[in-house]
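# Chain and residue survey
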Amino acid sequence: MVERGDESLVHTLKKVAAVLKQSEIPFALGGSFAVYAHGGHSSEHDVDFLIREADVEQSLEALVAAGFVAERPPEDWLVKVFDDGRMVDLIHRPIETPVTEETFADTVIRPVDAIHMPVLSATQLMVHKLLSFSQHYCDFARGLPLARSLREQIDWERVRKETQHSPYAEAFLVLLDRLEVVPAAGTQPGEGTS
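Here's a quick rundown of the structure.

Definitions and limits used
- Residues numbered from 1 in each chain as written.
- Predicted model: local features only at pLDDT ≥ 70, side-chain atom pairs only at ≥ 80, totals over all residues.
- Heavy atoms only, no water.
- Helix = DSSP H or I, 4+ residues; strand = E, 2+ residues; numbered from the N terminus.
- Buried < 20%, exposed > 50% of the residue type's maximum accessible area, 1.4 Å probe, protein only.
- Contact = heavy atoms within 4.5 Å.
- Areas by Shrake-Rupley, 256 points an atom, 1.4 Å probe, with all protein chains shown as cover.
- Pairing = 2+ DSSP bridges.
- Core = buried A, V, L, I, M, F, W, Y, C linked by side-chain atoms within 4.5 Å.
- Axes fitted to C-alpha atoms, helices over the stretch in contact; angles between N-to-C directions.
- Parallel < 35°, antiparallel > 145°, perpendicular 65-115°, else oblique.
- Left-handed = near helix turned anticlockwise from the far one by under 90°.
- Nonpolar A, V, L, I, M, F, W, Y, C, P; charged D, E, K, R; others polar.

Glancing now at the overall build of the protein chain. Within the protein chain, the regular secondary structure consists of 8 helices and 7 strands. Across the 194 residues in the protein chain, those meeting the buried criterion constitute 45%. Looking at the protein chain alone, contacts between residues at least 24 apart form 60% of all its contacts between residues at least 6 apart. For the protein chain, the exposed area adds up to about 10,100 Å²; of that, 51% sits on carbon and sulfur atoms.

Structure, rendered in structure tokens:
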């Protein structure tokens, strides 16, 4: 459930989604509110939308026309808009991978406070979280609520395959196995870990 302090963020999220829908700009809800949309527990308090890089300018124009303030941060993988100080990230290259039609195909339509919108799949959310871990940022406490609350919706074999090149993801998956959050690689759901 969204905490009371996040209610204004939900209102902002709905406004952004409505503008993008009306402008016929493809998007997907990501980040902590996507976890919330899937019924999971979210420990972060921000709004992330994924859009294609080719749609950045049109998105900013439409959102500025709707009263948002745009910002182009030094990072070249996103732009930001603000609604009375509430920040929304419009990400076009998460985890160094461009947003494509395949990204949008890996979504589920979910209601977010009565507005239906495409939300990144639980599996893709987990992949993004694991691939965000690096030598500079490796806070497993941020990934545990996602893994625990959405574990039944996540294709863990796919997560293992898509993150196999990351030692940080591997360590996190070992931790999940040891905590009995998910079955070890190669075991079926319901099988014990011995």
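Here the narrative resumes, following the displayed structure.
This brings us to the pairing of strand E4 (residues 78-83). Within a regular strand, side chains alternate between the sheet's two faces. With 6 of its 6 residues buried, E4 lies for the most part within the structure. Burial along E4 is two-sided: Leu-78, Lys-80 and Phe-82 and Val-79, Val-81 and Asp-83, pointing in opposite directions, are all buried. As paired elements, strand E3 (residues 69-71) and E4 share 3 bridges and run antiparallel to each other. Bridge pairing in E4 places Val-69 opposite Phe-82. Where E3 hands over to E4, the hairpin turn is made up of 6 residues, counted between the paired strands. Two elements, E4 and strand E5 (residues 86-91), share 6 bridges in a ladder whose sense is antiparallel.

Counting residues in hydrophobic clusters, the biggest one holds 54 residues, and the most contacted among them are Leu-29, Phe-49 and Leu-90. The leading source of residues in this core is helix H1 (residues 7-22), at 7 residues. Beyond its immediate sequence surroundings of up to four residues, Leu-29 is in contact with Leu-13, Ala-34, Ala-37, Asp-48, Phe-49, Val-112, Met-117, Pro-118, Val-119 and Leu-120.

What follows is about the packing of helix H6 (residues 140-150) against helix H8 (residues 167-178). Between H6 and H8, the least distance of the axes is 11 Å, while the angle of their chain directions is 55 degrees. Relative to H8, the element H6 is oriented oblique. In the crossing of H6 with H8, the sense of the turn from one axis to the other is right-handed. Counting all contacts with H6, which are made through Phe-140, Gly-143, Leu-144 and Ala-147, the residues of H8 involved are Tyr-168, Ala-171, Phe-172, Leu-175 and Leu-176. Residue classes in the contact of H6 with H8 are distributed as 8 nonpolar, 1 polar and no charged.

This part covers the pairing of E5. Note: strand E2 (residues 47-50) against E5, 4 bridges, orientation parallel. Within E5, the position partnered with Val-47 by the bridge is Val-88. Taking the residues that link successive antiparallel strands as the turn, the E4-E5 hairpin has 2 residues, and the phi of Asp-84 there is positive, at about 50 degrees.

Packing of helix H7 (residues 156-163) against H8 brings their axes to within 10 Å, and their N-to-C directions diverge by 155 degrees. One element, H7, and the other, H8, form an angle in the roughly antiparallel class. For H7 against H8, the interelement crossing comes out left-handed. Taken together, the residues of H8 that come into contact with H7 (itself represented by Trp-156, Val-159, Arg-160 and Thr-163) are Ala-169, Leu-173 and Leu-176. Partitioned by chemical class, the residues of the contact of H7 with H8 number 5 nonpolar, 1 polar and 1 charged.

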